[in-house]
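Results of the structural survey
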Amino acid sequence: MTLDDRRFTVSFFIWLLTGTAAVVAGLNWMPASSVDGSFVPVGPDAFYHARRILDAAIGATGFYQFDVRIHMPEGSMLTWPWAYDWLCARIVAAFHGLSPARDPMQVLVLIPVYTTLLTAALWLGLVRALGASHFAAILGGACFALSPLTQALHAVGRIDHHFVEFAFVLGFLITAITWMQNQTSRAAALATGIVLGVAPAFHNGLFVLQAPLIAGLAILAFRKLPVPSTTSRHFAIALLAATVMVLIPSQPFRAGSYAFYLLSWFHLAAASFTALTVLLATRALPSRHALWLLSIAALLLLNIAQVRQGFDFVGANLAHLAPINEVRSPLKSVFSGGLGALLTAYSGFFLVMPVTFACCLYGVVRGRDPARVVFDLGACGGLRYYLPRNGCTISAASRCTCP
């Protein structure tokens, strides 16, 4: 057995053990979803997702992106993009076709639980991409499997999109790190572009995943560190192609909408800006002409008000988000005397977040490894959840990768 074969075998068993442990932890929520012999969603958003998924899977209305039953009497375009509910509906429909007598909710409530195996694989992939030893991989896998956040995201009945957001954060970090480690790899560049292009189809706010890559490449270029100059065009093509492909099924896009809270022309503009910035950062920066071109492109492609609102949404700086528990800063719980409950929800890793943030920030400023610079930037974005004003999309998901 070669060294690579042994490494793969060890990684497989680590994934099998941690994934199984995480699935068992998620199944502990069964009493919250099982009521009088039937199953119900867990959490307010999960109820609406379930209704839309079941309508698309077995209902007469089919899949819809404009709901005539909300904001009566005029109805409203749904701010949740199409991909998550549509994909879940296809899974439910497939199982319903095999067993029509089975309650489709039995399938639906377990989707978050068994996708833990995919998230565990991505988590282990990130740990391995960072060059961790077998012991570190086992320790990281145990932290993932036993984390209260993992259990909350992947619990029975939590039919919400947040576990998918976490998966895309991990997927972005893996592909971006791999690309920075193998800067001549076309496959790594294409994979990074595809992940970033597809992500907004599952949550509109995931366009912000493009920010750490833009910032990281700009920092690398200005510090004269290696950048993927030969494969950046492959990334740009993949990002734009994937973005267009997920936008075509989007009703707001086809209707000509331009707003960050809808999967719309805004996301095509953001992807175009990202593609151009990456090309300039890897081929032209630092250059006065490149900076002027980038400034002009920003004015032409992006509606600054929408960009600011988008980042305000991610940062929970919009007034109507204040009452929502999941976007409140954990620091507020500490100051109000809720440290015990906070540690129960986040584990003791919460206490080391300030140190972790300082280490990641130092890595951004002083690091010489392109892959670690990009990773540390992504980690800093997640650790922003620690601050008094914070968000629930990239911040809530990627904070799990930082300790």
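Scroll up for the structure.
Quantities reported herein were computed from a predicted structural model and do not represent experimental measurements.

**Topic: the overall build of the protein chain**
Looking only at helices and strands, one finds 22 helices and four strands in the protein chain. Counting only residues that meet the buried cut, the protein chain has 52% of its 403 residues in that class. Put simply, of all contacts in the protein chain between residues at least 6 apart along the chain, 71% involve residues at least 24 apart. For the protein chain, the computed accessible surface area is about 18300 Å², with 69% contributed by carbon and sulfur atoms.

**Focus on the nonpolar core**
In terms of nonpolar packing, the biggest core is built from 82 residues, with L108 and I159 touching the most fellow members. Counting residues per element, this core draws most heavily on helix α10 (residues 162-181), at 14 residues. Non-local contacts of I159, meaning those with residues more than four positions away in its chain, are made with P41, D45, A46, H49, A50, I53, Y84, M105, L108, V109 and P112.

**What to know about the packing of α10 against helix α21 (residues 370-383)**
In contact at an axis separation of 7 Å, α10 and α21 are set at 155° when each is read in the N-to-C sense. The pairing of α10 with α21 is recorded here as roughly antiparallel in orientation. The chirality of how α10 crosses α21 is right-handed. Where α10 approaches α21, its residues L173, A176, I177, M180 and Q181 are matched on the opposing element by P370, A371, V374, F375 and G378.

**Considering empty space enclosed by the protein**
Per the counting criterion, the structure on display carries four cavities of 30 Å³ or more. If you add up the space inside the largest cavity, you get close to 50 Å³. Q65, L78, W80, P81 and P252 are, among the 13 residues lining the largest cavity, the residues nearest its centre.

**Some points on the environment of L54**
Residue placement: L54 occurs in helix α3 (residues 44-57). C-alpha separation for the pair L54 and R90, spaced 36 residues apart in sequence, amounts to 9.8 Å. The residues touching L54, leaving out its near neighbours within four places in the chain, are G59, V92, P104, M105 and L108.

What counts, and at which threshold
Residues numbered from 1 in each chain as written. Predicted model: local features only at pLDDT ≥ 70, side-chain atom pairs only at ≥ 80, totals over all residues. Heavy atoms only, no water. Helix = DSSP H or I, 4+ residues; strand = E, 2+ residues; numbered from the N terminus. Buried < 20%, exposed > 50% of the residue type's maximum accessible area, 1.4 Å probe, protein only. Contact = heavy atoms within 4.5 Å. Areas by Shrake-Rupley, 256 points an atom, 1.4 Å probe, with all protein chains shown as cover. Core = buried A, V, L, I, M, F, W, Y, C linked by side-chain atoms within 4.5 Å. Axes fitted to C-alpha atoms, helices over the stretch in contact; angles between N-to-C directions. Parallel < 35°, antiparallel > 145°, perpendicular 65-115°, else oblique. Left-handed = near helix turned anticlockwise from the far one by under 90°. 1 Å grid on protein atoms, 1.4 Å probe; cavity = no way out; pocket = protein on both sides within 12 Å on 5 of 7 lines; lining within 4 Å. Points joined across faces, edges and corners; volume = space filled by probe spheres on them.

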